[in-house]
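Breakdown of the fold
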Amino acid sequence: MTTMNEIQRAAQAIAQADALLIGASNGLSIAEGYHVFANNEMFRRQFGDFGQKYGIRNVIEGCFFRYPTEWERTEFLQRLVQCWVKEYRPSQVMKDLLATVGGKDYFVLTSNADTHLELSGFEAEKVFEVEGTFEDMLEHRTPTDKSRQANEFLRRYSGKYIVILELGIGKHNRFIKQPLMQLATHEPHAVYITLNLTPELYIPDAIAHKSVGLAGDIAVTLNRLKNELYQNGIYSPVLGIEVREDSTELRNRKH
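Cut-off values and rules
- Residues numbered from 1 in each chain as written.
- Predicted model: local features only at pLDDT ≥ 70, side-chain atom pairs only at ≥ 80, totals over all residues.
- Heavy atoms only, no water.
- Core = buried A, V, L, I, M, F, W, Y, C linked by side-chain atoms within 4.5 Å.
- Buried < 20%, exposed > 50% of the residue type's maximum accessible area, 1.4 Å probe, protein only.
- Helix = DSSP H or I, 4+ residues; strand = E, 2+ residues; numbered from the N terminus.
- Contact = heavy atoms within 4.5 Å.
- Bend = angle between axes of the 7 residues up to and from the residue.
- Salt bridge = Lys/Arg side-chain N within 4 Å of Asp/Glu carboxyl O.
- Polar contact = N/O pair within 3.5 Å; in protein donor to acceptor, adjacent residues only side chain to side chain.
- Axes fitted to C-alpha atoms, helices over the stretch in contact; angles between N-to-C directions.
- Parallel < 35°, antiparallel > 145°, perpendicular 65-115°, else oblique.
- Left-handed = near helix turned anticlockwise from the far one by under 90°.
- Nonpolar A, V, L, I, M, F, W, Y, C, P; charged D, E, K, R; others polar.
- Pairing = 2+ DSSP bridges.

Quick notes on the nonpolar core
Core analysis: the largest hydrophobic core is formed by 59 residues, its most contacted members being Trp84, Phe134 and Ile193. Looking at which element gives the most residues to this core, the answer is helix 5 (residues 70-86), with seven residues. When neighbours within four sequence positions are excluded, Ile193 is seen to be in contact with Ala10, Ala13, Ile14, Val163, Ile164, Leu165, Glu166, Val212 and Leu214. Core analysis: the next-biggest nonpolar cluster, separate from the first, contains 19 residues, Leu21, Phe153, Ile162 and Leu183 among them.

What follows is the structure, given as structure tokens:
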């Protein structure tokens, strides 16, 4: 269980950061109630007929199932986009994440294909869906490559105070988590903050001194982190921006 001291450390790091690099994977979607690997009540309600007809057990299987015809594949993806994208309304999880970012610059790397970040107010040009989106699959579109934007963000904040905020990425993930940990190693002023369930929380020894691990339900942890930022006056509750008068003190405290 995450302690208040860990929440405070994470909030202080975010308060003094010049920018946030956010990495997000399936755990963030699960915190919202969307689970691409689960044969749960939501899946059975939305895709039960596909389960009965084809033996499909979850959304991922439905996306990559070898249907008898292209029409049947399209039917599944159209329903997925309708239920998970067009009918989506921002969750409290996404509201808390957006509030945690506040007025800071940011860039997001995510393997989530649901576009919930953009639908919740994150700027599309600052969100890189590294494996594409559900709508890309439906429309047979090549995923948008935002490597140039990502590299420009990294160049802009190289050597500056950057928080790497990792949300729900499995401990063995090599696609997003490994590059983020490597960045934390090489950037002298980076702070690595990772949110995940206890079995999936992993911080290598090499960056333990500049990291904060927040174990538990991501929805609960993000809400506590947001509250710490706003209730203690670090962020303005009206404008959603950081109050930076004490940022020098916070930086000195870290070093």
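Notes on helix 3 (residues 41-54)
A bend of about 85° at Phe47 is the largest found in helix 3. Met42, Phe43, Gln46, Phe47, Phe50 and Tyr54 are the residues of helix 3 that are buried. Note on helix 3: the residue one or two positions beyond its end, Gly55, has a positive phi of about 80°.

Brief notes about the pattern of salt bridges
Within this structure, the stated rule accounts for 12 salt bridges. For Arg79, the salt bridge identified is with Asp49, shortest N-O distance 2.7 Å. Taken together, the residues span a long stretch of sequence, with Arg79 in helix 5 and Asp49 in helix 3 at a distance of 30 residues. Glu152 is paired through a salt bridge with Arg155; the nearest N and O atoms lie 3.2 Å apart. Linking Glu152 with Arg155, this pair stays in helix 9 (residues 147-157), spanning three residues, or about one helical turn. Under the relative-accessibility criterion, Arg155 is labelled exposed at 55%. What emerges from the salt-bridge pattern is a single network uniting Asp105, Glu123, Lys126 and Arg156.

A word on the side chain of Ser211
Along the polypeptide, Ser211 turns up in strand 6 (residues 211-215). Given the relative accessible area of 4%, Ser211 is considered buried. Polar contacts involving the side chain of Ser211 include one to the main-chain carbonyl oxygen of Ile207, which spans 2.5 Å. Excluding residues that lie within four positions of it along the chain, Ser211 makes contacts with Arg9, Tyr192 and Ile203.

Digging into the packing of helix 1 (residues 4-16) against helix 11 (residues 218-231)
In contact at an axis separation of 9 Å, helix 1 and helix 11 are set at 60° when each is read in the N-to-C sense. The angle between helix 1 and helix 11 places the two elements in the oblique class. Helix-helix and strand crossings are classified by hand; for helix 1 and helix 11 the assignment is right-handed. Contact residues: helix 1 offers Met4, Ile7, Gln8, Ala10, Ala11 and Ile14, while helix 11 offers Thr221, Arg224, Leu225, Glu228 and Leu229. Looking at the contact of helix 1 with helix 11 residue by residue, the class counts come to seven nonpolar, two polar and two charged.

Details of helix 6 (residues 92-101)
Among the 10 residues that make up helix 6, seven are buried, leaving the element largely enclosed by the rest of the structure. For helix 6, the set of buried residues is Val93, Met94, Asp96, Leu97, Ala99, Thr100 and Val101. After helix 6 finishes, the residue Gly102 shows a positive phi value of roughly 60°.

Looking at the side chain of Asn26
Its location among the elements puts Asn26 in helix 2 (residues 26-32). By relative accessible area, Asn26 is classed as buried at 15%. Setting aside residues up to four positions removed in sequence, Asn26 forms contacts with His35, Val36, Phe37, Asn112 and Gly168.

Here we look at the sheet that holds strand 1 (residues 19-24)
Across the sheet, which stays open at both edges, the six strands sit in the order 3-2-1-4-5-6 with parallel pairing between neighbours. Because the sheet does not close on itself, it has two edges, and the strands there are strand 3 (127-129) and strand 6. The mean angle between the axes of side-by-side strands here comes to 15°, regardless of whether they run parallel or antiparallel. Bridge analysis of strand 2 (residues 105-110) against strand 3 gives three bridges, and the strand direction is parallel.

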